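Structure at a glance
Chain residues, written in single-letter form:
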Amino acid sequence: MEILRTIKEVREFKRANRDAPLVLVPTMGALHEGHTSLMKIGKALKGKMIVSIYVNPLQFGPDEDLDNYPRQQKEDIEICRSDGAAAVFLPDDEVMYPGERFTAVRVGSLQDHLCGAGRPGHFDGVTTVVAKLFNIIEPTHAVFGLKDFQQYMIIKKMVEDLDFPIEIIGGEIIREAGGLAMSSRNKYLSPEERKRALNINLALTYIAEGSADGKLSADALISDAIAKYLSGIRIDYLDIYDSKNLKPVPRDLPLKGDLVAAGAFFVGSTRLIDNMRYTIR
Ligand code: PAF
């Protein structure tokens, strides 16, 4: 497996592997089984897989955890190697943002709700760095986790709007025993907080199953879920959205169509996101 640190090294790697499909798995490191499942998808495409590991400062707000974001480069490289990557791209800030930056990529209304509402600039940071990675690596395919469903939708839209010739593939959420969605930020949780965090999946399951029942409105489902499961958890947001346009569904019955129950939650000081996608006919 090759370790690439500069754009020039990526281009040389590409020249040497010209004919193979090139699959990018973009990450910020602190790799876990969720990433391994994305790499499994990448490997099944039978091309060359390149994993990028870069903690992108542009997508962190001033009061967020950029400085403390878990970094474990040596372990991450070994995980990529054993998961079948042909190369790891490990740029630093000097490689990604060498001078004054004038350009940003912004995907409009898909970021009005969910995480976009409370993290201004976050998705502009994501789309800008992902567009740069796409231009540097020129993959044929890129794999993103569906735990951040809004990010996946925004990147798909960016690819469509800007004509990137790249197939975007979503990898299902991988959950720990008990249902907690895998996340690099789970490392911050104490054993007690980890136990408390299991209620997030229970609350989302309650909302999804209750939607299918057809008796309760979105408002009723959400307030019941909060009362039943989320008393020990601070809610950043929790709602049911149309999964095609990420707008909140009407507040009254019936709940219908392709839906996603999604939320962001603080367990202690750790912010966790999760979602459940489902269809009501
Ligand atoms: O999902 C992530 O880990 C990041 O947002 C991404 C896509 C690697 C961009 O920095």
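My aim in this report is to walk through the structure given alongside it, one point at a time. (Residues numbered from 1 in each chain as written. Predicted model: local features only at pLDDT ≥ 70, side-chain atom pairs only at ≥ 80, totals over all residues. Heavy atoms only, no water.)

Another point: the overall build of the chain. Across its full length, the chain holds nine helices and nine strands. Counting only C-alpha atoms and orienting by the principal axes, one finds that the chain spans roughly 60 × 40 × 40 Å. Looking at the chain alone, contacts between residues at least 24 apart form 71% of all its contacts between residues at least 6 apart. Accessible area of the chain: about 13400 Å², with a carbon and sulfur share of 51%. The averaged location of the 39 negative side-chain charges in the chain is 3 Å from the averaged location of its 36 positive side-chain charges. (Helix = DSSP H or I, 4+ residues; strand = E, 2+ residues; numbered from the N terminus. Contact = heavy atoms within 4.5 Å. Areas by Shrake-Rupley, 256 points an atom, 1.4 Å probe, with all protein chains shown as cover. Lys, Arg positive; Asp, Glu negative; His and termini not counted. Charge placed at Lys NZ, Arg CZ, Asp CG, Glu CD.)

Looking now at the nonpolar core. Ranked by size, the top nonpolar core spans 46 residues in total, and within it Phe-89, Phe-134, Ile-137 and Ile-168 carry the most contacts. Among the secondary structure elements, those contributing two or more residues to this core are helix H1 (7-16), strand S2 (22-27), strand S4 (87-89), helix H6 (122-137), strand S5 (141-145), helix H7 (149-161), strand S7 (234-242) and strand S8 (257-267). The element contributing the most residues to this core is H6, with nine residues. In this structure, Phe-134 is in contact with Leu-24, Pro-139, Ala-142, Phe-144, Ile-155, Met-158, Val-159, Phe-164, Ile-166 and Ile-168, ignoring residues within four places of it in sequence. By size, the runner-up hydrophobic cluster in this structure holds 27 residues, among which are Ala-218, Leu-230, Ala-261 and Tyr-278. (Core = buried A, V, L, I, M, F, W, Y, C linked by side-chain atoms within 4.5 Å. Buried < 20%, exposed > 50% of the residue type's maximum accessible area, 1.4 Å probe, protein only.)

Our focus in this paragraph is the pairing of strand S6 (residues 167-171). Pairing of S5 with S6 involves five bridges; the strand directions are parallel. In the strand pairing of S6, Gly-145 is matched with Gly-171. Chirality of the crossover, the property in question, places the unit of S5, H7 and S6 among those that are right-handed. (Pairing = 2+ DSSP bridges. Right-handed = clockwise from strand over helix to strand, strands pointing away.)

This paragraph deals with the sheet that holds strand S3 (residues 48-53). The six strands are arranged S1-S4-S3-S2-S5-S6 in an open sheet whose pairing can be described as parallel. Taken across any chain shown, the strands that pair with only one partner, and hence form the sheet edges, are strand S1 (2-4) and S6. Neighbouring strand axes in the sheet, compared pairwise and without regard to direction, differ in orientation by 25° on average. Bridge analysis of S1 against S4 gives three bridges, and the strand direction is parallel. Of the residues in S4, the one forming a bridge with Leu-4 is Phe-89. Its contacts with the sheet place H7 against S5 and S6, and it is angled at close to 170° to S6. (Axes fitted to C-alpha atoms, helices over the stretch in contact; angles between N-to-C directions.)

The next subject is the site of the ligand. Every residue lining the ligand is accounted for by Pro-26, Thr-27, Met-28, Asn-56, Gln-59, Val-129, Phe-144 and Gln-151. Here an oxygen atom of the ligand sits 2.6 Å away from a polar atom, N or O, in the side chain of Gln-59. A distance of 2.7 Å separates an oxygen atom of the ligand from a polar atom in the side chain of Gln-151. In the complex, the protein chains occlude 85% of the 280 Å² of accessible area that the ligand would expose alone. Considered class by class, the residues forming the shell around the ligand number four nonpolar, four polar and no charged. (Near = heavy atom within 4 Å. Polar contact = N/O pair within 3.5 Å; in protein donor to acceptor, adjacent residues only side chain to side chain. Nonpolar A, V, L, I, M, F, W, Y, C, P; charged D, E, K, R; others polar.)

Now for the sheet that holds S8. Read from one edge of the open sheet, three strands run S7-S8-S9, paired in antiparallel fashion. Here the strands that pair on one side only, and so sit at the sheet edges, are S7 and strand S9 (270-280). With strand direction ignored, the average angle separating the axes of adjacent strands in the sheet is 10°. Taken strand by strand, helix H8 (residues 191-213) contacts S7, S8 and S9, and its axis lies near 20° from that of S9.

Right, let's talk about the side chain of Asp-148 for a bit. Position of Asp-148 relative to the elements: it lies in the loop between S5 and H7. For the buried Asp-148, no salt bridge is present, and the opposite-charge side chain at shortest range is Arg-119, 6.1 Å distant. (Salt bridge = Lys/Arg side-chain N within 4 Å of Asp/Glu carboxyl O.)

This paragraph deals with the environment of Lys-187. Considering the arrangement of structural elements, one finds Lys-187 in the loop between S6 and H8. Taking the C-alpha atoms as reference, Lys-187 lies 7.9 Å from Pro-70; in sequence the two are 117 residues apart. Not counting residues up to four positions away in its chain, the partners in contact with Lys-187 are Ala-30, Pro-70, Gln-72 and Arg-194. For Lys-187, the side chain forms a polar contact with the side chain of Gln-72, separated by 3.3 Å.

Per the counting criterion, the structure on display carries 17 salt bridges. When the shortest N-O distance is used, the salt bridge between Lys-157 and Glu-160 registers 3.0 Å. Taken together, the positions of Lys-157 and Glu-160, both in helix H7 and three residues apart, correspond to about one turn of that helix. Measuring nitrogen to oxygen at the nearest pair gives 2.6 Å for the salt bridge that ties Glu-176 to Arg-194. Residue Glu-176 is located in the loop between S6 and H8, and its partner Arg-194 is located in helix H8; the two are separated by 18 residues in the primary sequence. The network of salt bridges with shared partners includes Lys-157, Glu-160 and Asp-161.

These figures capture arrangement, not role.
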